[in-house]
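# Per-entry structural report
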Amino acid sequence: MLHAHYVRKSFSRHTHESFVLAAVTEGVEAFHYGSDLVRAGPGQIALVNPDTPHTGHAGVPEGWTYRTIYPDAGLIRDIADDTVALRGDIGFTQPVVDDPYAARLVVEVHRAAEEGNALAADSLLRLVTARMLRSHGGRVRPLSPLSAGARNAARARAVLEERMADPPTLERLAAELGTSPFALLRAFRAAYGMPPHTWLTDARVRRARRLLDAGTPPAEAAVTVGFTDQPHLNRHFTRSVGVPPGAYQRARGLRA
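Counting from 1, residues in each chain are numbered in the order their sequence is written. A pLDDT threshold of at least 70 governs which residues receive local features in this predicted model, and a stricter bar of 80 or more applies before side-chain atom pairs are shown or counted, although totals over entire chains, interfaces and linings include all residues. In computing side-chain values, all of the structure's heavy atoms are included and hydrogens and water are not.

## Observations regarding the sheet that holds strand β4 (residues 29–33)
Our working rule: Strands pair, by our definition, only if DSSP identifies at least two bridges between them. Counting from the N terminus, the helices are DSSP H or I runs at least four residues long and the strands are E runs at least two residues long. Simply put, an axis is a line fit to the C-alpha atoms, just over the touching stretch for a helix, and the angle between two N-to-C directions goes from 0 to 180 degrees.
The four strands are arranged β2-β7-β4-β5 in an open sheet whose pairing can be described as antiparallel. Edge positions in the sheet fall to β2 (10–14) and β5 (36–40), since each has one partner strand and no second. Across the sheet, the mean angle separating the axes of adjacent strands is 20° when strand polarity is ignored. In this structure, β4 lies alongside strand β7 (residues 54–58), joined through three bridges in antiparallel fashion. Counted as the bridge partner of A30 is H57 from β7.

Here is the structure:
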């Protein structure tokens, strides 16, 4: 969960491994979602599916305040199995939903967790997620044959994932895959919404977050995922997650 107020904060284009439900309580958040610029204000919920590139910045001079929850894909599937007739690749079909009651439920999830009431937090999380799936859930990734370009993009992603700490240049990566740098760049952007170098930075932050969750010190996590040093990780982690890695660990009670 994240409870924050931002004024000058600007989130760079990034993705999450989990779903995102963000209830705006004050001000306005604006964010790019795919090719669209959308806005969420009080009583509205921003909905982001896993692996979906998006940004975030203030939509009004006074910034915005929100409470965010990050349910993982397994939980979403379990709730969908119990509540809606959806199977396969499911998700939210709209990036912003105007539903003050659901927004209040997200706030109540936070309050219950803050009070140590795990039963209430879990129950309310399932209630608001089921409500969103009923009103704005659907198949978000229809199965379709992969083109040669999409197959190359997927192979390139796998290489970058495997060789994250010492990735090849675009030219070398394209040569290994038997294509041209420009063709690979175009195919990768079409498949994942960002060029390979941007995706790699985002993937490094995501892996660093998992290492931090496991108690790895930030400096060690930075080098492990391929950042030059901890300040390099700090800069990109804060731009994507909203807080520095040390503060992230302290908030989760993982380090003194």
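## Overview of the packing of helix α7 (residues 196–213) against helix α9 (residues 230–241)
What counts here: The scheme is simple: roughly parallel for angles under 35 degrees, roughly antiparallel for over 145, roughly perpendicular for 65 to 115, oblique for anything else. Note on definitions: a residue-residue contact is assigned when non-hydrogen atoms from the two residues lie within 4.5 Å. Gly is put with the polar residues, along with every residue not named as nonpolar or charged; the nonpolar set is Ala, Val, Leu, Ile, Met, Phe, Trp, Tyr, Cys and Pro, and the charged set is Asp, Glu, Lys and Arg.
Following both chains from N to C, one finds α7 and α9 inclined at 95°, their axes separated by 10 Å at the closest point. When the axes of α7 and α9 are compared, the pair comes out roughly perpendicular. In contact with T201, D202, V205, A208, R209 and L212 of α7, α9 contributes L233, H236, F237, S240 and V241. Here the residues of the contact of α7 with α9 sort into six nonpolar, three polar and two charged.

## Examining the environment of G138
Applicable threshold: Each residue's exposure class comes from its accessible area (1.4 Å probe, protein chains only) as a fraction of the maximum for that residue type: buried when under 20%, exposed when over 50%, partly exposed otherwise.
Within the secondary structure, G138 is located in strand β11 (residues 137–139). When its relative accessible area of 8% is taken as the criterion, G138 is described as buried. Remark: the alpha-carbon pair of G138 and D89, spanning 49 residues in sequence, is separated by 8.3 Å.

## Description of the pairing of strand β1 (residues 2–6)
Only one face of β1 is covered, namely the one carrying L2, A4 and Y6; the face carrying H3 and H5 has none of its residues buried. Strand direction decides the pairing type here: β1 and strand β8 (residues 64–69), joined by five bridges, are antiparallel. Residue pairing in the sheet places L2 in a bridge with T68 of β8.

## Points about the sheet that holds β8
Across the sheet, which stays open at both edges, the five strands sit in the order β1-β8-β3-β6-β10 with antiparallel pairing between neighbours. The strands lining the two open edges of the sheet, one partner per strand, are β1 and β10 (96–98). Strand-to-strand twist of the sheet, defined as the mean angle between neighbouring strand axes without regard to direction, takes the value 25°. The pairing of strand β3 (residues 20–27) with β8 spans six bridges and is classified as antiparallel. Bridge pairing links E26 to T65 in β8. Lying on the sheet, helix α3 (residues 118–136) is in contact with β3, β6 (44–48), β8 and β10; it crosses β3 at an angle near 95°.

## Structural notes on the confidence of the model for the protein chain
The line we're drawing: Residue-level confidence of the predictor is summarised by pLDDT, bounded by 0 at the bottom and 100 at the top.
Scored by pLDDT, the protein chain has a mean of 91; 95% of the residues are at 70 or more. When mean pLDDT is taken per element in the protein chain, β3 scores highest with 97 and β11 scores lowest with 84.

## A word on the pattern of salt bridges
Quick note on the threshold: Just to be clear on terms, a salt bridge is a Lys or Arg side-chain nitrogen sitting within 4 Å of an Asp or Glu carboxyl oxygen.
On inspection of all chains with the given rule, the structure shows eleven salt bridges. Salt-bridge contacts for R206 lead to D51; the nearest nitrogen and oxygen are separated by 2.9 Å. Here the residue R206 occupies a position in helix α7, and D51 occupies one in the loop between β6 and β7, the gap between them amounting to 155 residues. R206 sits in the buried class, given a relative accessible area of 16%. Put simply, E176 and R172 hold a salt bridge, and the shortest N to O gap is 3.5 Å. Here E176 pairs with R172, and both are found in helix α5 (residues 170–177), just four residues apart, close to one helical turn. The class for E176 is partly exposed, based on a relative accessible area of 36%.

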